[in-house]
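# Fold and contact review
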Amino acid sequence: FEYQPNNKASVGVLLVHGLLDCPFTYRELARHLQTEGMLVRSILLPGHGTKPDDLLAVTYQDWQSSLRYGLETMRKDVDKLFIAGYSTGAALAMAAALDDTTINGLILLSPAVKLRT
């Protein structure tokens, strides 16, 4: 889904859901960011939004490709681009930021990372 502000947005936020989740989890957050003048889009990761068995046929590379596509299409519409990700979506956001230095920032909600002590 997409929420556009009343005026042309210079800042965009791409929302990335977590494992077994869906984009619509972010509707309230998206609406709030829209009221702050941001363009907000959310992507559906491959294997999600159907039945759990569909996750067996996808890889994390498929998810990364989907995220890259979301970034590429959104970059055309804004000057600054942020990713907000939850859990697995946060981990994907971190990986994307390591590869793409044009991403202006990350919003990480319960990032799915493992710390070793």
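All of these numbers come straight from a predicted model, not from anything done at the bench.

Spatial ordering of the open sheet is given by β1-β3-β2-β4-β5, a layout of five strands whose pairing is mixed. In this open sheet, the two strands that pair with only one neighbour each are β1 (2-3) and β5 (105-109). Where strand β2 (residues 11-16) meets strand β3 (residues 39-43), five bridges bridge the pair, whose relative direction is parallel. Note that in β3 the partner of V13 across the bridge is V40.

Our next topic: the nonpolar core. Core analysis: the largest hydrophobic core is formed by 18 residues, its most contacted members being V16, L67, L71 and I83. When contributions to this core are tallied by element, the ones reaching two or more residues are β2, β3, α2 (60-75), β4 (80-86) and α3 (88-99). Of all the elements, α2 adds the most residues to this core, at four residues. With near-sequence residues (within four places) excluded, L71 lies in contact with L14, L81, I83, A96, D100 and I103. Counting eight residues, the second-largest nonpolar core is a separate cluster that includes V13, L15, A30 and A84.

With that settled, consider the packing of α2 against α3. One way to put it is that α2 packs onto α3 with a least axis distance of 10 Å and a crossing angle of 70 degrees. Our classification of the angle between α2 and α3 gives roughly perpendicular. The interaxial crossing formed by α2 with α3 has right-handed handedness. Contacts between α2 and α3 involve Y60, W63, Q64, L67 and L71 from the former and T88, L92, A93, A95 and A96 from the latter. A breakdown of the residues in the contact of α2 with α3 according to their chemical character gives eight nonpolar, two polar and no charged.

Turning our eyes to something else, we now look at the packing of aromatic side chains. Applying the stated criterion to the full structure yields two aromatic pairs. Plain terms: the ring middles of F1 and F24 are 5.4 Å apart, the flat faces sit at 25 degrees to each other, and that makes the pair stacked. With F1 in the segment before β1 and F24 in the loop between β2 and α1 (27-35), the pair connects residues that are 23 residues apart, well separated along the chain. You can call F24 partly exposed: its relative accessible area is 46%. Ring pairing ties together the aromatic residues F1, Y3 and F24, which thus form one cluster.

Cut-off values and rules
- Residues numbered from 1 in each chain as written.
- Predicted model: local features only at pLDDT ≥ 70, side-chain atom pairs only at ≥ 80, totals over all residues.
- Heavy atoms only, no water.
- Pairing = 2+ DSSP bridges.
- Helix = DSSP H or I, 4+ residues; strand = E, 2+ residues; numbered from the N terminus.
- Core = buried A, V, L, I, M, F, W, Y, C linked by side-chain atoms within 4.5 Å.
- Buried < 20%, exposed > 50% of the residue type's maximum accessible area, 1.4 Å probe, protein only.
- Contact = heavy atoms within 4.5 Å.
- Axes fitted to C-alpha atoms, helices over the stretch in contact; angles between N-to-C directions.
- Parallel < 35°, antiparallel > 145°, perpendicular 65-115°, else oblique.
- Left-handed = near helix turned anticlockwise from the far one by under 90°.
- Nonpolar A, V, L, I, M, F, W, Y, C, P; charged D, E, K, R; others polar.
- Phe/Tyr/Trp six-rings, centres within 6.5 Å; stacked < 30°, edge-to-face > 60°.

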